[in-house]
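Each chain, letter by letter, is given below.
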Amino acid sequence: DGGITQSPKYLFRKEGQNVTLSCEQNLNHDAMYWYRQDPGQGLRLIYYSQIVNDFQKGDIAEGYSVSREKKESFPLTVTSAQKNPTAFYLCASSIGAGTGGYTFGSGTRLTVV
Amino acid sequence: KQEVTQIPAALSVPEGENLVLNCSFTDSAIYNLQWFRQDPGKGLTSLLLIQSSQREQTSGRLNASLDKSSGRSTLYIAASQPGDSATYLCAVAGDSNYQLIWGAGTKLIIKP
């Protein structure tokens, strides 16, 4: 079945540590997105990519980095510069930017310990 | 700047009732509007997508309407069931950059 796989489901980060969240899709979608979800707030866009080897900053990109070396993969690194990283992170994809609906992964919950 | 608001933030109703969830947006220049469902600790499931040229979309017991001129969308759920309990999110795509702007969601509880 086609879909998006996010791993791990739960992740714990120590102060000053970089961690990488995985997102893989087999839907042949061109566009991929990373969102952050905090309680009581709408989803906020971190980064998005419309095509391989290209990505754009979203509304809250500071302290995060991404790569898009393959169409299927869009990993997100939460760096030590992100001072409040505890949140639920969601990866999504769509056929193209603005075309049709989005498919979401099941999310990664990141906690700072 | 587009802003999306969902009222109420939470809603609890008895099983079997028909109900309406509301979504309002400040800029009518939209490309499409989508409704999603999120179960606790899970990702989002797309429910309905309405293009800017459409007035409504239906899927099973769900019906979503769109009134661009007034900046409103409603999600109608008929004959609610306990399995409908979840948080419902609406998101608007702008007609210039297509990026989604999200409401904070309505947490729905259907009591058996």
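Let me sum up the structure you'll find in this document. All of these numbers come straight from a predicted model, not from anything done at the bench. (Residues numbered from 1 in each chain as written. Chains lettered and ligands numbered in written order. Predicted model: local features only at pLDDT ≥ 70, side-chain atom pairs only at ≥ 80, totals over all residues. Heavy atoms only, no water.)

Some thoughts on the packing of aromatic side chains
Under the counting rule described, the total for this entry stands at ten aromatic pairs over all chains. Taking the centre distance of 5.9 Å and the plane angle of 65 degrees together, the rings of Tyr64 of chain A and Tyr89 of chain A count as edge-to-face. Of the two residues, Tyr64 of chain A sits in strand 7 (residues 64-66) while Tyr89 of chain A sits in strand 9 (residues 87-94), which places them 25 residues apart along the sequence. Each member of the pair, Tyr64 of chain A as well as Tyr89 of chain A, is classed as buried. Relative to Trp102 of chain B, the ring of Phe36 of chain B has its centre 5.1 Å away and its plane inclined at 40 degrees; by these criteria the two rings are tilted. One end of the pair, Phe36 of chain B, is in strand 4 (residues 30-38); the other, Trp102 of chain B, is in strand 10 (residues 100-102), and 66 residues separate them in sequence. According to the relative accessible area criterion, Trp102 of chain B is buried, its value standing at 7%. Each residue in the set Tyr33, Tyr35, Tyr102 and Phe104 of chain A together with Phe36 and Trp102 of chain B is aromatic and connected to the rest through ring pairs, giving one cluster. Cation over ring: Arg68 of chain A sits above Phe74 of chain A, and NZ or CZ is 6.0 Å from the ring centre. (Phe/Tyr/Trp six-rings, centres within 6.5 Å; stacked < 30°, edge-to-face > 60°. Helix = DSSP H or I, 4+ residues; strand = E, 2+ residues; numbered from the N terminus. Buried < 20%, exposed > 50% of the residue type's maximum accessible area, 1.4 Å probe, protein only. Lys NZ or Arg CZ within 6 Å of the ring centre and 35° of its normal.)

Structural notes on the nonpolar core
Taken as a class, soluble globular proteins show a tendency for nonpolar side chains to be buried jointly. Ranked by internal contacts, the top residues of the largest apolar core, which has 22 residues, are Leu19, Phe25, Leu33, Trp35, Leu75, Ile77 and Tyr88 of chain B. Contributions of two or more residues to this core are made by strand 3 (19-25), strand 4, strand 5 (44-51), strand 7 (62-67), strand 8 (72-77), strand 9 (86-94) and strand 11 (106-111) of chain B. Counting residues in hydrophobic clusters, the runner-up holds 20 residues, among them Trp34, Val66, Tyr89 and Cys91 of chain A. (Core = buried A, V, L, I, M, F, W, Y, C linked by side-chain atoms within 4.5 Å.)

As for the state of the cysteines
All names here are of chain B. Overall, the coordinates contain two disulfides over all chains when judged by the stated rule. Covalently, Cys23 is tied to Cys90 through a disulfide, its sulfur atoms 1.9 Å apart. Taking the sign of the S-S torsion, 70 degrees for the link of Cys23 and Cys90, the bridge is right-handed. On the criterion of sequence distance, the pair formed by Cys23 in strand 3 and Cys90 in strand 9 is long-range, its members being 67 residues apart. Note on accessibility: Cys23 and Cys90 belong to one class, buried. (Disulfide = S-S within 2.5 Å.)

Remarks on the pattern of salt bridges
The full count for this structure, using the stated rule, is five salt bridges over all chains. With a shortest N-O distance of 2.8 Å, Arg61 of chain B and Asp84 of chain B are connected by a salt bridge. A residue pair is termed long-range when its members are at least 10 positions apart, and Arg61 of chain B in the loop between strand 6 (56-59) and strand 7 and Asp84 of chain B in the loop between strand 8 and strand 9 qualify at 23 residues. Of the residues examined, Asp84 of chain B reaches a relative accessible area of 7% and is grouped as buried. If you follow the salt bridges from partner to partner, you end up with Arg36, Asp38 and Arg44 of chain A in one network. (Salt bridge = Lys/Arg side-chain N within 4 Å of Asp/Glu carboxyl O.)

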